[in-house]
Amino acid sequence: MSKMKNTFQVEASELLKLMESLILQLEHELNNEELVSEVFRGMHTFKAISGMAGLNAITGFVHHLETIYDFVRDDQSNLTKELIDLSLESIDLLKILLEDLEIKKDENIKHKKSLTEKIIQVRAKIEDKDPDIVKENDTKEFDLQIQESKPKVTTHKVTYHIFFSPGKEVMIDGSNPLYLVDELSEIGTTVAFPRIEKVSRLNSYNYDKCLTSWDIVISGNISKEKIEETFIFIQSESKLEINKISDQDLLANQKFRAAISVFNNIDGQPIRLEELQSLAELYNKEENIITENKADSPSEIDDIVEIKSEKEQQPKSTKNKKKSESDSSLRITTEKLDKLMEIVSEIVTAQASLESVADTIRSPELDEVSETMEKLSRRLKDVAFSMTLVPIKNMFNRFQRMVRDTSRELGKSVHFISEGGETELDKTLIVNLKDPLMHILRNSLDHGLETPEERLLANKPEKGTIKMSAFYQGAYVCIKIEDDGEGINTEKITEKAIEKGIITQDSTLSKKEIQELIFTPGFSTASELTDVSGRGVGMDVVKKNISHLRGIISINSEMGVGTTITIKIPLTLSIIDGLLVTVQGVYYVIPLLIIDKCHEVPYVELLNTFNEIFVLDGRQVPYINLRSHFSSINGNETSPPEYIQVVTVNAEDKLIGLCVDSIVGQYQAVLKPLGETYKNQDFISGASILGDGTVALVLDVNKTIEISNKETLNQN
Amino acid sequence: METVKIKEPEIEKVSSYLSFYLGDEQFAILVSKVIEIMEVPRITKVPKTSDYMVGVINLRGSVLPIVDINLKFGLKPKERTPETCIIVMKININEEVVSVGILADAVDEVLNISENQISEPPSMGGGFNKEFLTGMAKVEERFLMLLDIDGIMNKNETELLKNVGSITEKKQDEDTNTN
């Protein structure tokens with residue numbers, strides 16, 4: 001059971017996310033029928049999975065919502081802002097309830113209760129009914145649907161009609177008539193229609209009395225005796241009528257099902273037997289034809305079941321378009337995926353040793369096999385890796401909601417645009433990016449954007465715009481957050497920084513440097529603290545988090561025009577394509593994606609340069625001589641080669657040359673951690689094992705450059 | 001025989017130790033800490049690390065850091081001989097168990113040492129820092145130094161660098177790098 005609940009939690013939280021984004025979209029497009037249908041379907045699925053996990057309290061709650069959206073589908077004008085707010089609130093509650101499935105916490109019980117009241121009010125308004133009646137009908141209707149959701153596949157034998165009206169006192173001795181109806185579905189396909197016309201209003205409702213009766217149509221390999229057996233323990237007070245209506249399995253005939261669904265009128269009278277029998281006769285003939293044409297295949301029946309439920313619950317019978325989509329995806333646990341990645345990386349390593357063996361043996365046959373293996377393992381790696389990536393879209397959707405709520409809170413009007421949602425990132429990266437991005441957005445909303453009045457004064461559209469976009473840039477993914485707010489007031493910042501002792505009165509800083517000050521710990525310009533942001537622990541933490549992901553954050557702001565914050569994070573992969581080079585006999589891997597070109601330069605030229613810059617392809621390129629940069633303390637250097645290789649790399653928009661002794665070739669490196677003992681060597685992002693078993697070190701080029709710059713500064 | 005019988009009820013703790021040589025000195029560590037003993041493969045030196053951090057090796061697909069305790073103790077590193085080997089052991093660094101290999105000039109034997117054979121480490125002698133020892137064991141007529149390997153690896157970097165700095169001047173000509 002707990003496993004089932006876990007599955008439920010996973011599926012449900014995804015479904016909630018989806019519904020949230022749909023509803024947010026709906027808020028802007030109140031007339032979009034397609035969206036309403038999708039929301040409805042989402043709720044319907046949610047109800048189904050919660051029912052399956054046996055979470056009746058949740059199922060019941062969602063049912064109310066679903067019903068409302070069912071009405072909205074019939075009449076779009078029912079869709080109000082109020083309803084959208086309510087839906088979002090409900091989704092929030094459901095998210096909380098996912099952690100409290102049985103609804104045991106007091107606050108959750110209260111919350112749910114008050115929300116249910118609200119929903120019922122809305123529903124009553126839409127249905128034009130008394131809320132109490134709505135509430136009443138609802139629970140019953142909901143029970144009915146639960147039963148109907150589990151009909152059994154049958155052979156086509158006979159069809160019976162059963163009218164069952166249990167005695168009023170039936171529940172006192174603990175028996176539950178619902179279980180009986182349920183039991184019936186064990187022996188044949190059943191369609192049950194509850195009749196609750198006798199049920200009183202809620203204020204005079206007596207929980208101990210059973211006032212509901214059922215009309216049940218059952219078909220399958222059954223007999224009257226068998227049905228009677230089911231009801232054997234029911235008191236004599238109960239009314240039970242069993243009549244055979246057909247010698248065929250009418251319930252397997254979808255037309256018949258559709259026809260009898262007219263009886264699905266909750267307040268209606270019991271089915272009159274004559275009516276049902278005449279219907280049965282009508283379809284008896286048709287059934288004959290059908291059975292001739294199609295041998296009753298189980299799949300056929302399954303289809304019918306599917307259609308049936310749609311007929312009943314979606315009167316518009318919009319075919320579920322999403323279905324094929326969800327069918328083509330598979331839920332896999334991350335452990336399995338990690339295992340797969342582990343094996344893939346071992347295959348890549350093994351392939352590398354195969355290649356080196358093939359190189360030494362020099363047999364054409366072996367070469368061929370090795371080459372094929374190389375191609376295959378590369379493809380395998382690509383496929384496996386792409387599986388660990390998730391589009392950034394999901395996260396963007398979450399922000400949409402946050403922006404909406406926060407802007408309301410702040411009394412600002414914002415248009416939030418997200419672009420490049422299809423950009424894919426490693427899942428762990430996305431998780432770690434969420435908080436920093438959230439904070440940046442909050443800052444933009446709170447400090448960046450002006451109030452509508454201020455905006456009008458500044459000759460800007462009343463509604464502010466925040467644009468969040470993601471795109472690939474070489475080996476990086478860039479995420480840009482742009483707002484058209486007031487921008488950063490450099491004077492204010494300078495003042496503040498001096499006041500806080502971050503800079504001194506006489507320090508001269510460029511505009512960019514001043515803007516960067518907002519990333520200094522303990523800096524906050526908002527004169528008054530607000531709930532949303534401005535606690536002064538913001539941007540420095542953001543910067544720290546981003547650099548933990550080996551990313552870079554930069555800011556560009558124009559007074560009165562807006563602010564753009566750009567985050568660049570590397571696609572940290574467990575396998576990277578790199579260039580294998582040697583420096584003083586040690587193998588290093590330079591990530592291929594940032595490499596621009598390789599040049600051969602005489603070593604003498606290195607000695608004749610100033611400021612470590614030389615000219616390549618007509619451009620001045622600063623360089624880092626890895627030989628001296630990595631020289632060990634004891635200084636035992638091998639003599640330099642006559643020609644050194646310069647690998648130019650794009651690091652932070654600049655071209656920088658890395659001087660190495662020799663270039664071995666392209667290499668797929670499986671990143672392995674260097675471990676705790678080397679945690680201070682952060683310019684090495686990991687190690688990789690070469691085909692011959694030697695360990696190569698994978699360079700973090702940005703960190704290497706950073707360290708080299710620091711060292712040069714210290715020397716000067 | 002009689003004395004043994006009398007001693008038994010005292011529940012004397014006897015542990016197995018692996019003895020090995022660093023230079024001419026004999027050391028021992030608890031066998032329970034040792035994972036395996038292996039030949040010295042090609043070692044990749046990680047740049048910008050202290051000298052005693054000899055580098056990393058490939059241990060069946062994972063990366064294993066190698067430490068030269070000779071250098072750590074400020075002794076002269078020995079020439080690698082066929083006898084030289086790596087003792088792979090579990091150590092605790094910042095409450096995490098990690099595998100580390102230490103270079104040993106020769107591995108001797110596994111022997112049982114009872115608690116009463118172990119005495120406090122001497123406060124002087126041998127140029128060894130006494131904080132890296134858990135004690136001295138007298139086995140037959142020899143003295144074994146019991147290494148506190150966890151303690152060695154947990155000394156903070158500045159302290160280590162101090163040590164290393166003073167040694168390096170003496171050992172500039174020595175090749176600690178296998179390459």
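Residues numbered from 1 in each chain as written. Chains lettered and ligands numbered in written order. Predicted model: local features only at pLDDT ≥ 70, side-chain atom pairs only at ≥ 80, totals over all residues. Heavy atoms only, no water.

Q: Looking at this structure, how should I read the sheet that holds strand S2 (residues 25-30) of chain B?
A: Residue and element names in this part refer to chain B. The strand order across the open sheet built from 6 strands is S8-S1-S2-S11-S10-S9, with neighbouring strands paired in mixed fashion. This sheet does not close on itself; its edge strands, each paired only once, are strand S8 (106-114) and strand S9 (118-119). Across 2 bridges, S9 lies against strand S10 (residues 133-139) in antiparallel orientation. Bridge assignment links Ile118 to a residue of S10, and that residue is Ala137. (Pairing = 2+ DSSP bridges. Helix = DSSP H or I, 4+ residues; strand = E, 2+ residues; numbered from the N terminus.)

Q: Please explain the pairing of strand S6 (residues 85-93) of chain B as it appears in this structure.
A: Residues and elements named next belong to chain B. When you tally the buried positions in S6, you get 7 out of 9 residues, the bulk of the element. Relative to S6, strand S3 (residues 34-39) is paired through 5 bridges, and the arrangement is antiparallel. Paired with Glu36 across the two strands is Val88, which belongs to S6. As judged from the 9 bridges shared by S6 and strand S7 (residues 96-104), these two strands associate in the antiparallel manner. Note that in S7 the partner of Ile87 across the bridge is Ile102. (Buried < 20%, exposed > 50% of the residue type's maximum accessible area, 1.4 Å probe, protein only.)

Q: Would you take a moment to explain the packing of helix H3 (residues 56-74) of chain A against helix H4 (residues 81-97) of chain A for this structure?
A: Relative orientation and spacing of two packed helices are given, respectively, by the angle between their axes and the distance between those axes. Residues and elements named next belong to chain A. Viewed as axis vectors pointing N to C, H3 and H4 meet at an angle of 155°, and their least axial separation amounts to 11 Å. Between H3 and H4, the angle is such that the two are roughly antiparallel. Our pair here, H3 against H4, has a crossing hand that is left-handed. Of the residues in H4, those touching H3 at Ile58, Phe61, Val62, Leu65, Ile68, Tyr69 and Val72 are Leu83, Ser87, Ser90, Leu93, Leu94 and Leu97. Class assignment for the residues of the contact of H3 with H4 results in 11 nonpolar, 2 polar and no charged. (Axes fitted to C-alpha atoms, helices over the stretch in contact; angles between N-to-C directions. Parallel < 35°, antiparallel > 145°, perpendicular 65-115°, else oblique. Left-handed = near helix turned anticlockwise from the far one by under 90°. Contact = heavy atoms within 4.5 Å. Nonpolar A, V, L, I, M, F, W, Y, C, P; charged D, E, K, R; others polar.)

Q: Hey, could you run me through a nonpolar patch on the surface in this one?
A: On the surface, Leu330(A), Ile332(A), Leu340(A), Val383(A) and Met387(A) cluster together into a nonpolar patch covering about 460 Å² of accessible area. The residue Ile332(A) is located in the loop between helix H12 (322-327) and helix H13 (334-361) in this model. (Patch = residues over 30% accessible without salt bridge, like charges linked within 9 Å, V, L, I, M, F, W, Y side chains within 5 Å. Areas by Shrake-Rupley, 256 points an atom, 1.4 Å probe, with all protein chains shown as cover. Salt bridge = Lys/Arg side-chain N within 4 Å of Asp/Glu carboxyl O.)

Q: What should I look at first to understand helix H7 (residues 177-187) of chain A in this one?
A: Structurally, the α-helix is built with 3.6 residues per turn, so residues lying three or four positions apart point the same way. Residues and elements named next belong to chain A. Taken together, the buried positions of H7 are occupied by Pro177, Leu180, Val181, Leu184 and Ser185. Projected down its long axis, H7 shows its buried positions confined to an angular sector of 150°, all on one face. Opposite its buried face, H7 presents the exposed residues Tyr179 and Glu186, each directed more than 90 degrees away. (Arc of directions from axis to C-beta.)

Q: Help me understand the interface of chain B and chain A, please; the structure alone is not making it clear to me.
A: A common way to state how big an interface is: give the accessible area lost once the parts meet. If you look at the interface, chain B gives 33 residues, while chain A gives 28 residues. When chain B packs against chain A, close to 2500 Å² is buried across both sides, 59% of that on carbon and sulfur atoms. Three residues, Pro47(B), Lys48(B) and Val63(B), lead the burial of chain B against chain A; their summed loss comes to 25% of the area buried on that side. Linking chain B with chain A are 4 residue pairs in polar contact (both at pLDDT 80 or more), by the criterion used here. (Buried area = accessible area lost by both parts, 1.4 Å probe. Polar contact = N/O pair within 3.5 Å; in protein donor to acceptor, adjacent residues only side chain to side chain.)

Q: Any chance you could explain the confidence of the model for chain B here in plain terms?
A: Low pLDDT marks regions whose predicted coordinates should not be analysed in detail. Residue and element names in this part refer to chain B. Chain-level pLDDT for chain B is 75 on average; 75% of the residues reach the 70-or-more range. Within chain B, no element has a lower average pLDDT than helix H4 (residues 157-168), which sits at 42, and none a higher one than S3, at 91. The model gives residues 157-179 a pLDDT under 50, and that stretch makes 44 contacts with residues more than four places away or in other chains. Quick note on the complex model: pTM equals 0.48, ipTM equals 0.73. (pLDDT = per-residue confidence, 0-100.)

Q: What exactly am I supposed to notice about the packing of aromatic side chains here?
A: Note on aromatic pairs: each is described by the distance of the centres and the angle between the planes. Applying the stated criterion to the full structure yields 4 aromatic pairs over all chains. With a centroid separation of 5.1 Å and an interplanar angle of 25°, the aromatic rings of Tyr588(A) and Phe630(A) are classed as stacked. Of this pair, Tyr588(A) sits in strand S13 (residues 586-591) while Phe630(A) sits in the loop between helix H22 (626-629) and strand S17 (643-651), and the two are 42 residues apart along the sequence. Judged by its relative accessible area of 2%, Tyr588(A) falls in the buried class. Residue class for Phe630(A) comes out buried when judged on its relative accessible area of 7%. On the numbers, 6.1 Å between centres and 20° between planes, the contact of Phe20(B) with Phe27(B) is stacked. Across this residue pair, the class does not change: Phe20(B) and Phe27(B) are buried. Grouping aromatic residues by their ring pairs yields a cluster made of Tyr588(A), Phe630(A) and Phe683(A). (Phe/Tyr/Trp six-rings, centres within 6.5 Å; stacked < 30°, edge-to-face > 60°.)

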